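Report on the structure
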Amino acid sequence: MPTRFDSARHQAALATPTGYRRWMRFLASRGGTTMELEPTGGSLTQDNRRNGRWDGRLTFVGDDLLPTRPSDILTPFGTKIAVELGLELLDGSVSSVPYGVYEISSVSTNVGAGTRTVDVGITDLSGIVDRYRFESPRVSAAGTDLGTMVNSVISKRTGINPGVPLVGTVLGAARIFGLDTGTGPWAELLDVLSGFSRTAWYDRVGDIQVGVTTADPDAAYPLSSLATLSADFDTRPPNVIVARGEAQDGTLPVQAVAMDEDPSSPTYAGTGPGTSPYGRVTYFFASPLILTEAQAQSAANTLLAQRVGAGATYALTVPYDPTITAGDVVAVGGAILAVDAVTVSLTGDTSLQVRELG
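In short, a report on the structure. (Residues numbered from 1 in each chain as written. Predicted model: local features only at pLDDT ≥ 70, side-chain atom pairs only at ≥ 80, totals over all residues. Heavy atoms only, no water.)

1. Comments concerning the pairing of strand β11 (residues 208-211)
- Here strand β10 (residues 199-202) pairs with β11 via 4 bridges, running antiparallel. Looking at the pairing, A200 lines up with V210 of β11.
- Counting the residues between successive antiparallel strands, the hairpin from β10 to β11 contains 5 residues, one of them, G206, with a positive phi of roughly 90°. (Pairing = 2+ DSSP bridges. Helix = DSSP H or I, 4+ residues; strand = E, 2+ residues; numbered from the N terminus.)

Structure representation (structure tokens):
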């Protein structure tokens, strides 16, 4: 669901771009130093198809923020930036929503005659976890709740317990982290969670959430009539998903199959080979943590739901709107669309990458 403004007046004003001014707060912090920043331009993106949901770029002008030493605030040595975006109405009232917590990942400066600009790249907090690889393997025992597993791994990588609540699903077999030195801890966590049809992400305020990101058509809400839609049909998504565990003691692995069985879908798999215009495109998913057929079926169903409609993708543009969240379902002109990614321009429109659900 969207993250609405507390004020209904401010929420309604999004459909009247001439009735408000953009309100923004960028709070940078590192080692006890905090500074409020005022970028002159840039954009912020959230994309729930990536391991790290948030990123962006910011542009600053002037001498006061031009970094000259690694200890300066606008450098990629531990500075985090918390963002709020909102509206200020003509009467001066303000309403805002959080729009992610980022770390500075790159900085470039341009100093010329009369020009002092700083371009800053910012990325998801999961990068902090992923860069600190395990020096030695770490075991999460069978029977550990997935929430407890996440808290344990993140605490050992950051020194802070994220406080993820119990998920209610436990590991059926022990998981050893750190065996693959080329894979970071965050990527390993997502790999484990995917075996249970779940994922993890940093939310708008920088907290870790664990859950399912399958789009629900019944949760669709209408967007402003000012939205414009352009189509992009350049992929052939899978319509048959095979999820399986690993063979144990010489026995065949458990597995399950899910396929697009909706005759009205452009990626309909048909009742058998050769019985649909689209044909069949298969995607395989395997996890050593899939131990039962029910678990395999759940994983297959989730993966199919995430991919259905990927062949009918659209670029959707609306006026500035920081309340839309990646994972929302929106209704535009009679179409039900899942929002995979949102980019808010600090000076222009908001663009969305969406796919058709029905």
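2. Section: helix α4 (residues 185-194)
- Here α4 lies mainly inside the structure; 7 of its 10 residues are buried.
- Every buried residue of α4 is accounted for by P185, W186, E188, L189, L190, V192 and L193.
- Buried-residue contacts for α4 involve α2 (126-131), α3 (146-158), β9 (175-177), β10 and β11. (Buried < 20%, exposed > 50% of the residue type's maximum accessible area, 1.4 Å probe, protein only. Contact = heavy atoms within 4.5 Å.)

3. Structural notes on the packing of aromatic side chains
- Applying the stated criterion to the full structure yields 5 aromatic pairs.
- With centroids separated by 6.0 Å and ring planes inclined at 85°, the aromatic side chains of W54 and Y102 adopt a geometry described as edge-to-face. Here W54 is found in strand β4 (residues 54-61), whereas its partner Y102 is found in strand β6 (residues 94-112), with 48 residues between them in sequence. Side by side, W54 and Y102 carry an identical accessibility label, which is buried.
- In this structure an aromatic cluster arises from ring pairing among W54, Y99 and Y102.
- The cationic tip of R157 hangs over the ring face of F134; the distance from NZ or CZ to the ring centre is 4.4 Å.
- For the cation-ring pair, R175 lies above F177, with the distance from its terminal atom to the ring centre recorded as 5.4 Å. (Phe/Tyr/Trp six-rings, centres within 6.5 Å; stacked < 30°, edge-to-face > 60°. Lys NZ or Arg CZ within 6 Å of the ring centre and 35° of its normal.)

4. Looking at the nonpolar core
- Judged by nonpolar contacts, the single largest core of 45 residues is most densely connected at F26, L44, L74, I81 and Y99.
- When neighbours within four sequence positions are excluded, Y99 is seen to be in contact with L44, Q46, W54, V83, E84, L85, R204, P322, I324, V342 and V344.
- Counting 22 residues, the second-largest nonpolar core is a separate cluster that includes L125, V164, V192 and F196. (Core = buried A, V, L, I, M, F, W, Y, C linked by side-chain atoms within 4.5 Å.)

5. Here's the deal with the pattern of salt bridges
- If you walk through the whole model with that rule in mind, you get 12 salt bridges.
- For R116, the salt bridge is made with D63, and the minimal N-O distance between the two is 3.0 Å. Taken as a pair, R116 in strand β7 (residues 115-124) and D63 in the loop between β4 and β5 (80-89) lie far apart in primary sequence, 53 residues in all.
- Here R131 makes a salt bridge to E103, at a shortest N to O gap of 2.9 Å. Separated by 28 residues along the polypeptide, R131 in helix α2 and E103 in strand β6 bring together distant segments of the chain.
- Residue classification places E103 among the buried positions, given a relative accessible area of 7%.
- Salt bridges sharing common partners tie together R25, E36 and E84. (Salt bridge = Lys/Arg side-chain N within 4 Å of Asp/Glu carboxyl O.)

6. Describing helix α5 (residues 293-307)
- If you check α5, its first and last C-alpha atoms are 21 Å apart, about what 15 residues at 1.5 Å a residue would give, namely 21 Å.
- Regarding α5, the residues found buried are Q295, A296, A299, A300, T302, L303 and L304.
- Against the buried residues of α5 lie α4, β14 (240-244), β15 (255-259) and β16 (282-286). (Expected span 1.5 Å × (residues − 1).)

7. Some thoughts on the side chain of S43
- Considering the arrangement of structural elements, one finds S43 in strand β3 (residues 41-47).
- On the accessibility criterion, S43 (15% relative accessible area) is buried.
- In this structure S43 touches G56, R57, T343, V344, S345 and L346, once residues within four positions along its chain are discounted.

8. Overview of the sheet that holds β14
- Strand order in this open sheet of 3 strands is β15-β14-β16, and the pairing throughout is mixed. Of all the strands in the sheet, the pair left with one neighbour each is β15 and β16. Pairs of neighbouring strands in the sheet enclose a mean axial angle of 15°, with direction left out of account.
- Two strands pair when backbone bridges link them, and β14 and β16 are joined in this way by 5 bridges, in the parallel orientation. When the bridges of β16 are listed, V242 appears paired with F284.
- Taken strand by strand, α5 contacts β14, β15 and β16, and its axis lies near 25° from that of β15. (Axes fitted to C-alpha atoms, helices over the stretch in contact; angles between N-to-C directions.)

9. Comments concerning the layout of surface pockets
- For the largest pocket, the calculated volume is near 850 Å³.
- If you trace the largest pocket, you find 36 residues lining it, with N48, R49, T213, Q306 and R307 closest to the centre.
- When contributions to the lining of the largest pocket are tallied by element, the ones reaching two or more residues are α4, β10, β16, α5, β19 (335-345) and β20 (350-356).
- Its residues assigned to classes, the lining of the largest pocket shows 14 nonpolar, 12 polar and 10 charged. (1 Å grid on protein atoms, 1.4 Å probe; cavity = no way out; pocket = protein on both sides within 12 Å on 5 of 7 lines; lining within 4 Å. Points joined across faces, edges and corners; volume = space filled by probe spheres on them. Nonpolar A, V, L, I, M, F, W, Y, C, P; charged D, E, K, R; others polar.)

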